[in-house]
Amino acid sequence: GQQVMQIPQYQHVQEGEDFTTYCNSSTTLSNIQWYKQRPGGHPVFLIQLVKSGEVKKQKRLTFQFGEAKKNSSLHITATQTTDVGTYFCAGLQGSGNTGKLIFGQGTTLQVKP
Amino acid sequence: EAGVAQSPRYKIIEKRQSVAFWCNPISGHATLYWYQQILGQGPKLLIQFQNNGVVDDSQLPKDRFSAERLKGVDSTLKIQPAKLEDSAVYLCASSLSWGMGQFFGPGTRLTVL
């Protein structure tokens, strides 16, 4: 079936260290979206990537979309305790109104102060 | 701008009982989604509406789950009868149009005893 795999499942880092999570789809994606969910909270939309090879930055966060539009990554530079949470990638599979957003399992980030 | 509203926030029922959840999306958002999120997993799409029409309900257990979006605004999700494995957080999300970033409500945490 349609799957979006995300690794690692968990990551513990010391504050100030970098962090990367990777996302892979079994099929080509129309776009990839990234969400952050704080403990006890709901997913919050971060960004959407649409073009092959696209790179976008939000302060210390860098998002990439692979050339084949099947993989993506989120890199956080110099983590802070406020970065704690679970980061989900979500791939939009299909086109027109018949596609759906498939979420990965998420990467839970813990940051030690 | 008001966010996505959901109620109730918490619900505890016994198996075989019925339950209903309500969602009010962001004003002007044409697309509305219901997700089920089990602890430690990513959100799983149950049903997707475009205005008041169903676009995708392929993962909705139709023998017990039903959803409607009358007048293309508010939506309700019903489970009848509930099973133990339905214990999860039910998230409602909306987006301006299909394929765009989604804005999630706070969710309803359902416990089935």
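Small disclaimer: the values here were computed from a predicted structure and weren't measured. (Residues numbered from 1 in each chain as written. Chains lettered and ligands numbered in written order. Predicted model: local features only at pLDDT ≥ 70, side-chain atom pairs only at ≥ 80, totals over all residues. Heavy atoms only, no water.)

## Here's the deal with the state of the cysteines
Note on terminology: a disulfide is the covalent bond linking the sulfur atoms of two cysteines. By the definition in use, this model includes two disulfides over all chains. The disulfide partner of Cys23(A) is Cys89(A), and the gap between their sulfur atoms is 2.0 Å. In this structure, the disulfide formed by Cys23(A) and Cys89(A) twists by about 75° around the S-S bond and is classed as right-handed. Here Cys23(A) is found in strand 3 (residues 19–25), whereas its partner Cys89(A) is found in strand 9 (residues 85–93), with 66 residues between them in sequence. Summarising the burial analysis for this pair, Cys23(A) and Cys89(A) share the class buried. A sulfur-sulfur separation of 1.9 Å characterises the disulfide bridge that pairs Cys23(B) with Cys92(B). Between Cys23(B) and Cys92(B), the S-S dihedral sits near -70°, and the bridge is therefore left-handed. (Disulfide = S-S within 2.5 Å. Helix = DSSP H or I, 4+ residues; strand = E, 2+ residues; numbered from the N terminus. Buried < 20%, exposed > 50% of the residue type's maximum accessible area, 1.4 Å probe, protein only.)

## Details of the sheet that holds strand 1 (residues 4–7) of chain A
Residues and elements named next belong to chain A. Pairing is antiparallel in the open sheet, where five strands are placed in the order 1-3-8-7-6. At either end of the open sheet lies a strand with only one pairing partner, and these are strand 1 and strand 6 (55–58). Pairwise comparison of adjacent strand axes, ignoring direction, gives a mean angle of 15° for this sheet. The sheet contact formed by strand 3 and strand 8 (residues 71–76) spans six bridges and is antiparallel. Its bridge partner lying in strand 8, Tyr-22 is registered against Ser-73. (Pairing = 2+ DSSP bridges. Axes fitted to C-alpha atoms, helices over the stretch in contact; angles between N-to-C directions.)

## What about the environment of Arg9(B)?
Position of Arg9(B) relative to the elements: it lies in the loop between strand 1 (5–7) and strand 2 (10–13). There is a polar contact of 3.4 Å between the side chain of Arg9(B) and the backbone oxygen of Gly107(B). (Polar contact = N/O pair within 3.5 Å; in protein donor to acceptor, adjacent residues only side chain to side chain.)

## Concerning the interface of chain A and chain B
Often, the extent of an interface is quoted as the loss of accessible area on bringing the components together. In this assembly, 21 residues from chain A lie in contact with 22 residues from chain B. When chain A packs against chain B, close to 1700 Å² is buried across both sides, 53% of that on carbon and sulfur atoms. Across the contact surface, chain A and chain B share one salt bridge. Of the charged contacts, one joins Asp56(B) and Lys100(A) as a salt bridge, the two residues approaching to 3.2 Å between their closest N and O atoms. The interface formed by chain A and chain B includes seven residue pairs in polar contact (both at pLDDT 80 or more). Those elements that provide at least two residues to the side of chain A that touches chain B are strand 4 (31–37), strand 5 (44–49), strand 9 and strand 10 (100–103) of chain A. By residue number, the principal contributor to the side of chain A that touches chain B is strand 4 of chain A, which donates four residues. Grouping the amino acids of the side of chain A that touches chain B by side-chain chemistry returns seven nonpolar, 13 polar and one charged. (Contact = heavy atoms within 4.5 Å. Buried area = accessible area lost by both parts, 1.4 Å probe. Salt bridge = Lys/Arg side-chain N within 4 Å of Asp/Glu carboxyl O. Nonpolar A, V, L, I, M, F, W, Y, C, P; charged D, E, K, R; others polar.)

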